[in-house]
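# Examining the three-dimensional arrangement
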Amino acid sequence: MEEEGASVGDARGKHRILAELGRVEQEVKFLEKELEELGQTDIVSTVCEELLCVIEKAPDPLLPLTKGPFNLAWDRWFEGPNGGEGCRCYIL
Amino acid sequence: MSVSELKERHAVATETVNNLRDRLRQRRLQLLDTDVAKYSVAQGRSPVKFGATDLVCCRTLLGHTGKVYSLDWTPERNRIVSASQDGRLIVWNALTSQKTHAIKLPCAWVMTCAFSPNGQTVACGGLDSVCSIFSLSSTADKDGTVPVSRILSGHRGYVSCCQYVPNEDTHLITSSGDQTCVLWDVTTGLKTSVFGGEFQSGHTADVLSVSISGSNPNWFVSGSCDTTACLWDTRAASRAVRTFHGHQGDVNTVKFFPDGYRFGTGSDDGTCRLYDLRTGHQLQVYQAHGDGGGKLPVTSIAFSASGRLLFAGYANNSTCYVWDTLLGEVVLDLGELQDSHKNRISCLGMSADGSALCTGSWDSNLKIWAFGGHRRVT
């Protein structure tokens, strides 16, 4: 009975290790592919060039100097009573 | 093959993985010929200059009686949902400061909340390990209790963050202390996909934050206590598309850049970083000087509409640095302005049109910040 128990335990252990091994070997393949792709990847300065372009052409309501078009709705926070006299009750 | 032979093969494969990771790190370093700040200076750019009264606190939302932990705007501009230590979700009209809902939660230990794209439901999650969905058209009893319309259960740890998939009221993504992220179908309450966990590769510690790309809702990024951020494609859950290294501490917060092809992170190591999705490069490190050598944990971040500004809340009294993302400099501290918070800022969110930033704090308030100075539009 003890021998049987030991071999069942072994089988489960083997199953688990096989699954783990499969995962690690799969990871090796993914990492090798990533290393290969890195060989064709742009250097950072190329990405920076793109980033500068993206940032500078987009309108931004929070900047003192920004590309248009201006939208009147950006300033809706300053229309009406300053501070917005709304509901001040606390939820207890 | 015997168990011992398998174990040996496993050890060899693990060694190969470690070597490959080292080689990847080295190869990546070789491609880091500059960073955004050095490049921008070389291109003749100068930092954004704010006048003393340009960014102002134009609303203080009063009502919570405990620390605010999370907030989210609706896509249709003016409404916010917030979650607090007081065990409530409050829905605000940020323009009028009115509270439209104050939902008493079945579990007071809430950590995150989110608005659905159509603005009709809110989701929250926390230490109860579930994500609860509430319909805003349900009637509350006098206590503020609203029936839960759906419970998304299945996580084996706390729900740290939740976000609806843009333009899809039926799907949301959660991150959890159980090291996984999950894409849920809200109508059935079932998991559509699990990212990471016991049987798939992914994070190896609690996941603290998620952010879904606005330009490609199949992509989302996650940040974890394992110091990495991961990019996932919801169509292929078995493995992260890419893992981003660099941080030396828990990644507390991740946020997509407005164009959807880059993302920012904030960490316990005191830095924010900007990463590029396509190349996997770390583009810039934003590290404050002073304050104990720039080691104050970053609690939350948000980008302005163009991405030129990065707002970052830190784990001390009220500091919220406004970073010029191109020049890598702090151009303002909201904590130094009039009417600033009196305690740590725990969460940040930008309105859909980029005209206002909402900050939530341990002082139990939310504040709305907008540009009130003279604006030049070219």
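Residues numbered from 1 in each chain as written. Chains lettered and ligands numbered in written order. Predicted model: local features only at pLDDT ≥ 70, side-chain atom pairs only at ≥ 80, totals over all residues. Heavy atoms only, no water.

We count it as follows: UniProt positions are given in the numbering used here, feature names are shortened, and annotations may be inferred rather than shown by experiment.
You'll find chain B entered in an unreviewed UniProt entry as Guanine nucleotide-binding protein subunit beta-like, with Raphanus sativus given as the organism. Looking at the Sequence similarities (unreviewed entry) heading of the UniProt record, one finds this comment for chain B: "Belongs to the WD repeat G protein beta family."

You'll find chain A entered in an unreviewed UniProt entry as Guanine nucleotide-binding protein subunit gamma 1, with Raphanus sativus given as the organism. Reading the Subcellular location (unreviewed entry) entry of the UniProt record for chain A gives the comment "Cell membrane".

### Observations regarding the overall build of chain A
The criterion, for reference: Put simply, DSSP H or I for four residues or longer makes a helix, DSSP E for two residues or longer makes a strand, and each gets a number counted from the N terminus. Buried residues are those whose accessible area, probed at 1.4 Å on protein chains only, stays under 20% of the maximum for their type, while exposed residues exceed 50% and partly exposed ones sit between those limits. Using a 1.4 Å probe, accessible areas were evaluated by the Shrake-Rupley method; residue-level cover was limited to the displayed protein chains.
Assigned secondary structure in chain A consists of 2 helices and 1 strand. Walking chain A from its N terminus toward its C terminus, one meets helices and strands in the order α-α-β. Looking at chain A as a whole, 34% of its 92 residues qualify as buried. A total accessible area of about 5900 Å² is found for chain A, and carbon and sulfur atoms account for 56% of it.

### Description of the nonpolar core
In plain terms, the rule: In plain words, nonpolar cores are sets of buried Ala, Val, Leu, Ile, Met, Phe, Trp, Tyr and Cys residues tied together by side-chain atoms within 4.5 Å. Working rule for contacts: check all heavy atoms of both residues, and any pair within 4.5 Å makes them a contact.
Membership of the largest hydrophobic core comes to 26 residues, with the highest contact counts inside it found for Cys272, Tyr314 and Trp323 of chain B. It is helix 2 (residues 44-57) of chain A that provides the largest number of residues to this core, a total of 7 residues. When residues no more than four places from it in sequence are discounted, the contact partners of Trp323 of chain B are Tyr286, Gln287, Ala288, Arg308, Leu309, Leu310, Ala312, Tyr314, Gly328, Glu329 and Val330 of chain B. Grouped together as the second largest cluster of nonpolar side chains are 21 residues, Leu63 of chain A together with Leu334, Leu348 and Trp369 of chain B included.

### Concerning the pairing of strand 3 (residues 79-84) of chain B
All names here are of chain B. So the rule is basically this: When DSSP finds at least two bridges between two strands, those strands are taken to pair.
The buried fraction of strand 3 is high, at 6 of 6 residues. Burial along strand 3 is two-sided: Arg79, Val81 and Ala83 facing one way and Ile80, Ser82 and Ser84 facing the other are all buried. Bridging between strand 2 (residues 68-73) and strand 3 involves 5 bridges; their strand directions are antiparallel. Along strand 3, the bridge assignment pairs Trp73 with Ile80. Note: strand 3 against strand 4 (residues 88-93), 5 bridges, orientation antiparallel. From the neighbouring strand, Ile80 faces strand 4, where its bridge partner is Trp92. Counted between consecutive antiparallel strands, the loop separating strand 3 from strand 4 contains 3 residues, among which Gly87 sits at a positive phi close to 80 degrees.

### Here's the deal with the interface of chain B and chain A
Selection rule: Summed over both partners, the accessible surface that disappears when two parts come together, traced with a 1.4 Å probe, is what is meant by buried area. The working definition used for a salt bridge is a side-chain nitrogen of Lys or Arg within 4 Å of a carboxyl oxygen of Asp or Glu. Each polar contact in these results corresponds to two N or O atoms within 3.5 Å; when the atoms are within protein, one needs to be able to donate a hydrogen and the other to accept it, and residues that are neighboring in sequence are counted only if both atoms are side-chain atoms. Three residue categories are used. Nonpolar comprises Ala, Val, Leu, Ile, Met, Phe, Trp, Tyr, Cys and Pro, charged comprises Asp, Glu, Lys and Arg, and polar comprises the others, including Gly.
In this complex, chain B contributes 87 residues to the contact, which on the side of chain A involves 60 residues. Taken together, the two surfaces of chain B and chain A that pack against each other cover about 6800 Å², and 64% of this comes from carbon and sulfur. Per-residue buried area on chain B facing chain A is highest for Leu24, Arg239 and Arg375 of chain B; these three make up 10% of the total on that side. One can count 9 salt bridges joining chain B with chain A. Arg45 of chain B serves as the salt-bridge partner of Glu56 of chain A, at 2.6 Å between the closest nitrogen and oxygen. The tally of links between chain B and chain A comes to 25 residue pairs in polar contact (both at pLDDT 80 or more). In terms of residues, the side of chain B that touches chain A owes the most to one element, helix 1 (residues 3-31) of chain B, which gives 16 residues. For the side of chain B that touches chain A, the per-class residue count stands at 36 nonpolar, 25 polar and 26 charged. When strand 1 (residues 65-66) of chain A meets strand 29 (residues 376-377) of chain B, the two strands line up parallel, connected through 2 bridges.

### What to know about the pairing of strand 20 (residues 271-276) of chain B
All names here are of chain B. Counting buried positions along strand 20 yields 6 of 6 residues, so the element is predominantly enclosed. Both faces of strand 20 are covered, namely the face carrying Thr271, Arg273 and Tyr275 and the face carrying Cys272, Leu274 and Asp276. When strand 19 (residues 262-267) meets strand 20, the two strands line up antiparallel, connected through 5 bridges. Looking at strand 20, one finds that Gly264 is bridged to Leu274. Linking strand 19 back to strand 20 in an antiparallel pair, the connection comprises 3 residues, with Gly270 at a positive phi of about 85 degrees. Bridging between strand 20 and strand 21 (residues 282-287) involves 5 bridges; their strand directions are antiparallel. Across the sheet, residue Leu274 finds its bridge partner in strand 21, namely Gln284.

### A few points about a nonpolar patch on the surface
Defined as follows: Nonpolar side chains (Val, Leu, Ile, Met, Phe, Trp, Tyr) within 5 Å and like charges within 9 Å form the patches, drawn only from residues with over 30% relative accessible area and no salt bridge.
Taken together, the side chains of Phe70 and Leu72 of chain A together with Val377 of chain B present a nonpolar region at the surface, about 290 Å² in accessible area. Among the secondary structure elements, Phe70 of chain A is positioned in the segment after strand 1.

### Quick notes on the pattern of salt bridges
The full count for this structure, using the stated rule, is 19 salt bridges over all chains. With its nearest N and O atoms 2.8 Å apart, the salt bridge here joins Arg262 of chain B to Glu50 of chain A. With Arg262 of chain B in strand 19 and Glu50 of chain A in helix 2, this residue pair bridges two chains. Residue Arg308 of chain B is joined to Asp324 of chain B by a salt bridge in which the shortest nitrogen-to-oxygen separation is 2.9 Å. In this pair, Arg308 of chain B is assigned in the loop between strand 22 (298-303) and strand 23 (309-314) and Asp324 of chain B in strand 24 (residues 320-324), connecting sequence segments 16 residues apart. Like Arg308 of chain B, the residue Asp324 of chain B is buried in the burial classification. A single network of salt bridges, built from pairs that share partners, joins Asp42 and Glu50 of chain A together with Asp259, Arg262, Asp276 and Arg278 of chain B.

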